[in-house]
Amino acid sequence: MSETPVKQQNTAAFYGQAVASFAVAMGATAVGIFRLHADAWVRGFLAIAVMYLVTSAFTLAKVIRDRQEAGQIVSRVDQARLEKLLAEHDPFEKL
């Protein structure tokens, strides 16, 4: 049975690009809402809607990641069971 752990790690550049992209998008949206020629309640509603959208996106990303990680764990358990069965199997044993 192989004991090799699955290690998936993003590079620092990818992480930095993701953070910078998020910051630019949130900043641009905040400036756009602030500079909008509308009543304060309209701008407030848009700000709340954007915050709700952001939190929903984070939650969705976490759920997708958790589901994918759970699938990897089940796959590794199944692979370990298969390797154990193959290791215990003797093709020359008489039935």
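Fair warning: this is a prediction, and the values are worked out from it, not measured in the lab.

Once that is clear, we can look at the overall build of the protein. Of regular secondary structure, the protein possesses two helices and zero strands. Roughly 8800 Å² of accessible area belongs to the protein as shown, and the carbon and sulfur atoms make up 67% of that amount.

On the surface, L36, W41, F45 and L46 cluster together into a nonpolar patch covering about 440 Å² of accessible area. Assignment of secondary structure puts L46 in helix α2 (residues 40-88).

One pass over the full model with this rule turns up two salt bridges. K62 serves as the salt-bridge partner of D66, at 2.6 Å between the closest nitrogen and oxygen. Residue D66 and its partner K62 are located together in helix α2, separated by four residues, close to a single helical turn. For D66, a relative accessible area of 30% puts it in the partly exposed group. Residue classification places K62 among the partly exposed positions, given a relative accessible area of 45%.

Cut-offs applied
Residues numbered from 1 in each chain as written. Predicted model: local features only at pLDDT ≥ 70, side-chain atom pairs only at ≥ 80, totals over all residues. Heavy atoms only, no water. Helix = DSSP H or I, 4+ residues; strand = E, 2+ residues; numbered from the N terminus. Areas by Shrake-Rupley, 256 points an atom, 1.4 Å probe, with all protein chains shown as cover. Patch = residues over 30% accessible without salt bridge, like charges linked within 9 Å, V, L, I, M, F, W, Y side chains within 5 Å. Salt bridge = Lys/Arg side-chain N within 4 Å of Asp/Glu carboxyl O. Buried < 20%, exposed > 50% of the residue type's maximum accessible area, 1.4 Å probe, protein only.

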